[in-house]
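Chains, contacts and geometry: an overview
Given next are the chains, with one letter for each unit.
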Amino acid sequence: MLVVAASLGALAFALAWPIPVALSRASWPARSPAVAVALWQAIALAGGLSMIGCLVAFGAAPAGSLLAAAAQLLPRLVIGPIPPGFGLLQLAALALAVLLAVHLALNLVSTAVRAERERRRQHQLIDVLSDPLPGQPHTRVLAHSVPFAYCVPGIRTATVLTAGLVDALDDDELAAVITHERAHLDQFHHLVLLAFRAWHSALPWFPIANRAERSVAWLTEMLADDRARREVGADPLRRAIERVGSQGELGAYADAGGVSPDAAMLDARLARLGSDRGEPAFGLRAAVVAASAALVALPVAAMLGILL
């Protein structure tokens, strides 16, 4: 059990610092954003499981398994002597594992509730303040002179444009913007970002949580750009980004679980649209997918072994 605890601790450390730092600095994710998003999700899930599993393995080591430890400790939770082999460190590790798991779960639930509340508020506002765009279902136009666009996810989705945006762009550029925003909705990017936003909220002092959320937001922008580039073309999308700039950054939309790009992301998107780099080799993508699956499988298998 102590070997398992040490192994999970080493994996948790690797997933908390060197691996995310290396991934955030790598160039290949820009050429295969979907695979990179899957890897980031695996890192986050495996990292959380490894941290909790390390603590559980260390705390339950005297009993040989978590079930045996529970059988010994629970009857003496309030009164009675501590079972032989268990000390203050083991009890603290088990308590910390429970607190960490509950803390992460509650932050995920509270983040989801806040996002859903904000989405409902956004839908109510756009129903009152906007008008449908003819020929574009689920697309609304706000009477606002500043050109920006965003989308509101949920069971009932909406793509929101301003009158200033509609006036500033030609037909192809407007189609590129609408396709980009709908890609966010169709690919459920708000749900992808929700988990990373909850992780960052739960561990705000954890630098990697911020790095992960930002990297995944950047990758989802690339995925939406790829959809618009395939359906409309790179040139209209590039012109639309240049004309609109970062004016689409809406705090309320970000609170609703959406993507809120900053200036650095916009510059990176423009540079990517201007390049002709293809996807990485199939072997590299297959290796990354296999590594993502292995990262999640390792702590899951270890925790099953700890349980029994």
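Whatever comes next refers back to the structure up there.
Concerning the packing of helix 1 (residues 2–16) against helix 2 (residues 18–25)
- Look at helix 1 against helix 2: their axes get within 3 Å of each other, and the N-to-C directions meet at 30 degrees. Considering the angle they form, helix 1 stands roughly parallel to helix 2. Of the residues in helix 2, those touching helix 1 at F13, A14, L15 and A16 are P18, I19 and P20.
- Split into classes, the residues belonging to the contact of helix 1 with helix 2 amount to seven nonpolar, no polar and no charged.

What to know about the nonpolar core
- Counting 33 residues, the largest nonpolar core has W28, L39, W40, F196, W199, F206 and L295 as its most contacted members.
- In contact with W199, not counting residues within four places along its chain, are A44, F206, I208, A209 and A212.

Let's talk about the packing of aromatic side chains
- Evaluation of the coordinates by the stated rule reveals three aromatic pairs.
- With a centroid separation of 6.5 Å and an interplanar angle of 55 degrees, the aromatic rings of F196 and W199 are classed as tilted. In this pair, F196 and W199 both sit in helix 8 (residues 189–202), three residues apart, roughly one turn of the helix. An identical accessibility class is assigned to F196 and W199; each is buried.

Observations regarding helix 13 (residues 282–307)
- Taking 1.5 Å of rise per residue, the 26 residues of helix 13 would be expected to cover 38 Å, and the 38 Å separating its terminal C-alpha atoms lies within 8% of that figure.
- What helix 13 keeps buried is the set V288, S292, L295, P299, A302 and I306.
- For helix 13, the elements touching its buried residues are helix 1, helix 3 (33–60) and helix 4 (66–73).

Description of the environment of L129
- Here L129 lies in helix 5 (residues 88–129).
- Sequence separation between L129 and V141 is twelve residues, and the spatial gap between their C-alpha atoms is 8.6 Å.
- Leave out the neighbours within four places in its chain, and L129 touches V141, L142 and A143.

Re the pattern of salt bridges
- Applying the stated rule across the entire model yields 15 salt bridges.
- The salt bridge partner of E116 is R120, with a shortest N-O separation of 3.2 Å. Of the two residues, E116 and R120 both sit in helix 5, four residues apart, roughly one turn of that helix.
- As a salt-bridge pair, D127 and R156 come within 3.1 Å of each other at their nearest N and O atoms. With a gap of 29 residues between them, D127 in helix 5 and R156 in the loop between strand 3 (149–152) and strand 4 (158–162) connect regions that are remote in the sequence.
- A residue is classified by how much of its surface remains accessible, and D127, at 39% relative accessible area, is partly exposed.
- One continuous salt-bridge network, built from bridges that share partners, spans D170, E173, R239 and R243.

A word on the sheet that holds strand 1 (residues 130–132)
- One open sheet holds the four strands; their spatial order is 1-2-4-3, and the pairing between them is mixed. Two strands in the sheet have a free side with no partner beyond their single neighbour: strand 1 and strand 3. Averaged over neighbouring strand pairs, the angle between their axes works out to 30 degrees when direction is ignored.
- Judged from the four bridges that link them, strand 3 and strand 4 form a sheet pairing that is antiparallel. Looking at the pairing, A149 lines up with L161 of strand 4.

Some details on the side chain of D226
- Its place among the elements puts D226 in helix 9 (residues 207–231).
- Exposure remark for D226: the relative accessible area of 15% places this residue in the buried category.
- Setting aside residues up to four positions removed in sequence, D226 forms contacts with P33 and R272.

Calculation criteria
- Residues numbered from 1 in each chain as written.
- Predicted model: local features only at pLDDT ≥ 70, side-chain atom pairs only at ≥ 80, totals over all residues.
- Heavy atoms only, no water.
- Axes fitted to C-alpha atoms, helices over the stretch in contact; angles between N-to-C directions.
- Helix = DSSP H or I, 4+ residues; strand = E, 2+ residues; numbered from the N terminus.
- Parallel < 35°, antiparallel > 145°, perpendicular 65-115°, else oblique.
- Contact = heavy atoms within 4.5 Å.
- Nonpolar A, V, L, I, M, F, W, Y, C, P; charged D, E, K, R; others polar.
- Core = buried A, V, L, I, M, F, W, Y, C linked by side-chain atoms within 4.5 Å.
- Buried < 20%, exposed > 50% of the residue type's maximum accessible area, 1.4 Å probe, protein only.
- Phe/Tyr/Trp six-rings, centres within 6.5 Å; stacked < 30°, edge-to-face > 60°.
- Expected span 1.5 Å × (residues − 1).
- Salt bridge = Lys/Arg side-chain N within 4 Å of Asp/Glu carboxyl O.
- Pairing = 2+ DSSP bridges.

This is a description of form; function is not addressed.
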